[in-house]
Amino acid sequence: MKIFDNFLNPIELITLQKWIFDDIFSWVYSSPIVASNRSQKKFQHCFVNQLYHSQESYDSKHIRHPNFETKVIKEKLRPLLNRLSIYSLYRVRTCMYTRTKEPEFHGYHYDLEDYVLDTKEIFTKEQIVSENKKNDLHPVENMKIAIFYLNTNNGQTCLDGERVDAIENRLVCFSNTVRHSSISQTDCDRRIVININYF
């Protein structure tokens, strides 16, 4: 795990914040927060905006996602992505967590898991969760994860027991083989992060 504070320069950070914190930025309700966590509290949820996805294998409609060179990605995320050593970008999404009365641990998970099957079919998220009952899932080992914190709050990210505080303009990088979980905040209405999966 590596932590980088003051990752973007002030102008880049403010530009990103104005875009994502704007009232017209789109969010999609997502519940449960961790699909494979059956013990998750009934009403745990977050809001997401999947800005980019390179594969169609986890898209239930098998629709290819927009190209990496879209105007939004180029103009808004380029300063963030340029500072990472990215060979191949897999997914970029924003996550917004709403305030809870007490800190809530959302459940350990890996962002991308795989398992060995006798077929080479493409599976949806729902099929993967179903197959989890029959097969041992293993994290995709060569994937990296970067989480960029857009605002400071008392929420955290837990990486195999080690906690990272949510501090504005902080970026934490780690391997997809590290189990991790978000922990909700109690001191502000919105906790927003950008989650980047790459090789």
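Refer to the structure presented above.
Parameters at a glance
Residues numbered from 1 in each chain as written. Predicted model: local features only at pLDDT ≥ 70, side-chain atom pairs only at ≥ 80, totals over all residues. Heavy atoms only, no water. Helix = DSSP H or I, 4+ residues; strand = E, 2+ residues; numbered from the N terminus. Buried < 20%, exposed > 50% of the residue type's maximum accessible area, 1.4 Å probe, protein only. Areas by Shrake-Rupley, 256 points an atom, 1.4 Å probe, with all protein chains shown as cover. Core = buried A, V, L, I, M, F, W, Y, C linked by side-chain atoms within 4.5 Å. Phe/Tyr/Trp six-rings, centres within 6.5 Å; stacked < 30°, edge-to-face > 60°. Contact = heavy atoms within 4.5 Å. Pairing = 2+ DSSP bridges. Axes fitted to C-alpha atoms, helices over the stretch in contact; angles between N-to-C directions.

Asker: Can you walk me through the overall build of the protein chain in this structure?
Answerer: Tallying secondary structure elements over the protein chain gives three helices and twelve strands in all. Burial statistics for the protein chain: of 199 residues in total, 46% are counted as buried. With the model as given, the accessible surface of the protein chain reaches about 11,200 Å², and the carbon-plus-sulfur share is 49%.

Asker: Whenever I open this one, unusual backbone geometry confuses me. Can you help?
Answerer: Phi is mostly negative for residues that are not glycine, and the peptide bonds are mostly trans. Phi at Asn6 is positive, roughly 50°, even though this residue is not glycine. Tracing the backbone shows Asn6 in the loop between β1 (2–4) and α1 (10–21). Of note, Asp160 is a non-glycine position whose phi angle comes to about 45°, a positive value. Along the polypeptide, Asp160 turns up in the loop between β8 (156–159) and β9 (162–165). Judged by its relative accessible area of 42%, Asp160 falls in the partly exposed class.

Asker: Explain the nonpolar core here, please?
Answerer: The nonpolar side chains of a soluble globular protein tend to be buried, and buried together. Core analysis: the largest hydrophobic core is formed by 25 residues, its most contacted members being Leu16, Leu80, Phe148, Ile194 and Ile196. Listing elements by their share of this core, those giving two or more residues are α1, β3 (46–53), α2 (71–82), β4 (89–98), β7 (144–149), β10 (170–175) and β12 (190–198). Core analysis: the next-biggest nonpolar cluster, separate from the first, contains 13 residues, Val48, Tyr97, Ile147 and Leu159 among them.

Asker: What is the right way to look at the packing of aromatic side chains in this model?
Answerer: The geometry of two aromatic rings is summed up by the distance between their centres and the angle between their planes. One pass over the full model with this rule turns up six aromatic pairs. Arranged with centres 6.0 Å apart and planes meeting at 55°, the rings of Phe4 and Phe7 form a pair that is tilted. A relative accessible area of 11% places Phe7 in the buried class. Judged by centre distance (5.7 Å) and plane angle (70°), the rings of Tyr29 and Phe47 are edge-to-face. One end of the pair, Tyr29, is in strand β2 (residues 28–30); the other, Phe47, is in strand β3, and 18 residues separate them in sequence. Among the residues examined, Tyr29 registers a relative accessible area of 49% and is labelled partly exposed. Among the aromatic residues, those joined into a ring-pair cluster are Phe4, Phe7 and Phe148.

Asker: Please clarify how the environment of Leu171 should be interpreted in this entry.
Answerer: Checked against the element boundaries, Leu171 lands in strand β10. Since its relative accessible area comes to 0%, Leu171 is described here as buried. Setting aside residues up to four positions removed in sequence, Leu171 forms contacts with Lys2, Ile3, Phe4, Phe7, Leu80, Leu84, Ala146, Ile147 and Phe148.

Asker: What exactly am I supposed to notice about the pairing of β8 here?
Answerer: Residues in a regular strand point their side chains to alternate faces of the sheet. A two-sided burial pattern is seen for β8, the buried positions comprising Gln156 and Cys158 on one face and Thr157 and Leu159 on the other. Two strands pair when backbone bridges link them, and β8 and β9 are joined in this way by four bridges, in the antiparallel orientation. Across the sheet, residue Thr157 finds its bridge partner in β9, namely Val164. Here four bridges tie β8 to strand β11 (residues 180–183), and the two strands are oriented antiparallel to one another. From the neighbouring strand, Leu159 faces β11, where its bridge partner is His180.

Asker: I tried to follow the sheet that holds β11 on my own but got confused; where do I start?
Answerer: Across a sheet, paired strands are connected by hydrogen bonds in the backbone, their directions being either parallel or antiparallel. Judged by pairing direction, the sheet is antiparallel, and its three strands sit side by side in the order β9-β8-β11 without closing on themselves. Of all strands in the sheet, those bounded by a partner on one side alone are β9 and β11. Across the sheet, the axes of successive neighbouring strands diverge by a mean angle of 25°, strand direction being ignored.

Asker: In this structure, what is going on with the environment of Lys76? I would like to understand it.
Answerer: Structurally, Lys76 is set in helix α2. Counting along the chain gives 64 residues from Lys76 to Glu12, while the straight-line C-alpha distance between them is 8.6 Å. Those residues in contact with Lys76 that lie beyond four places of it in its chain are Leu16 and Trp19.

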